[in-house]
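Descriptive structure summary
Chain residues, written in single-letter form:
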Amino acid sequence: MPVTAVDRDAALIVIDLQKGLSGRDLAPHSFADVVERSAALTDAFSARGLPVVIVTVDAVPPGRTDLSGPPMEFPSGWSDSVAPFSDAPDAWRVTKRSPGAFTETPLHRLLRERGVTQVVVVGVSTSIGVEMTARQAYELGYNVTVALDACSDSEGSRHAYSAASVLPKVAETGSAADVIAALTRA
C-alpha cells in the first residue's frame, strides 16, 4: 500500500546508522544514500517538532541460531551514530541488543508518553532491524510506514523480499520523498 498519510503525531525511527556498519556494501542503496535520505527525513520531522529516534545496536541476543558463533565483542566506537545523526541534539537515543528496536528498550513507553500514533522506519538492514522494528510497531498498534529508499541490506534480494513480501503486510511503503510530501500535507 502506498504512503497515504503521515499522522500529526508521528515519529521517525532511524535504525543502525552507525560507524560499525558504515563500511558495509549494501544493496540496492549505498550506506551513503540511506544516510542522505534518512537525514532529509530527520530534517523534515525536526522542522515540524516531531520526534526523531536514533537507534543503535551494541550487542547480539544470547539465543542460539544457525549463524551463532562465539560471543561477539564490538570495537570501541562501533555503535556510535554516523553524522549527521551523531549531532542531532533533540533526537531521542535508544540502544538495542536485539534486531527490533522495541525489545527490552524504553521505545514504546517514550512514544506512548508523547502520544505517537505512527512511526516511519528507515535504516539498515531492511530484512532485519527495519523489518523487525516495523513488525513490532504494527503489533503494538502503531500505524507504520517504511521509506524503502532510505533502507538497504547486505544483499539486494533480501531488501527486495522484505519490500515486496513482508513490509506491505505491516506497513505502508514508499520513498523518502513520498513521506515528506505526506508530512507536508498533514
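Residues numbered from 1 in each chain as written. Predicted model: local features only at pLDDT ≥ 70, side-chain atom pairs only at ≥ 80, totals over all residues. Heavy atoms only, no water.

Moving on to the layout of surface pockets. Of the pockets and cavities examined, the second largest pocket occupies roughly 250 Å³. Lining the second largest pocket are 17 residues, with Thr42, Ser46, Ala88, Asp90 and Ala91 sitting closest to its centre. Counting residues per element, the lining of the second largest pocket draws most heavily on helix 1 (residues 31-47), which supplies four residues. For the lining of the second largest pocket, the residue count by class is 10 nonpolar, three polar and four charged. (1 Å grid on protein atoms, 1.4 Å probe; cavity = no way out; pocket = protein on both sides within 12 Å on 5 of 7 lines; lining within 4 Å. Points joined across faces, edges and corners; volume = space filled by probe spheres on them. Helix = DSSP H or I, 4+ residues; strand = E, 2+ residues; numbered from the N terminus. Nonpolar A, V, L, I, M, F, W, Y, C, P; charged D, E, K, R; others polar.)

Every α-helix winds through 3.6 residues per turn, so residues three or four apart in the chain are directed the same way. Here helix 3 (residues 126-139) is 14 residues long and its end C-alpha atoms lie 18 Å apart, about the 20 Å a rise of 1.5 Å per residue gives. Within the span of helix 3, buried status applies to Thr126, Gly129, Val130, Glu131, Thr133, Ala134, Gln136 and Ala137. Elements in contact with the buried residues of helix 3: strand 1 (10-15), strand 3 (92-96), strand 4 (118-124), strand 5 (143-152) and helix 4 (156-170). Directly beyond the C-terminal end of helix 3, a positive phi value near 95 degrees is found at Gly141. (Expected span 1.5 Å × (residues − 1). Buried < 20%, exposed > 50% of the residue type's maximum accessible area, 1.4 Å probe, protein only. Contact = heavy atoms within 4.5 Å.)

Of all seven residues making up strand 4, seven are buried, and the element is well covered by its neighbours. Looking at chain direction, strand 1 and strand 4 are connected through six bridges and run parallel. Bridge assignment links Ala10 to a residue of strand 4, and that residue is Gln118. For strand 4 and strand 5, the ladder comprises six bridges, and the chain directions are parallel. Bridging from a neighbouring strand, Gly123 pairs with Cys151 of strand 5. Following the backbone out of strand 4, through helix 3 and into the adjacent parallel strand 5, one traces a crossover that is right-handed. (Pairing = 2+ DSSP bridges. Right-handed = clockwise from strand over helix to strand, strands pointing away.)

Turning our attention to the packing of aromatic side chains. Tallied over the full model, the rule gives one aromatic pair. For the cation-ring pair, Arg112 lies above Tyr142, with the distance from its terminal atom to the ring centre recorded as 4.2 Å. (Phe/Tyr/Trp six-rings, centres within 6.5 Å; stacked < 30°, edge-to-face > 60°. Lys NZ or Arg CZ within 6 Å of the ring centre and 35° of its normal.)

Taken by themselves, the reported measurements are silent on function.
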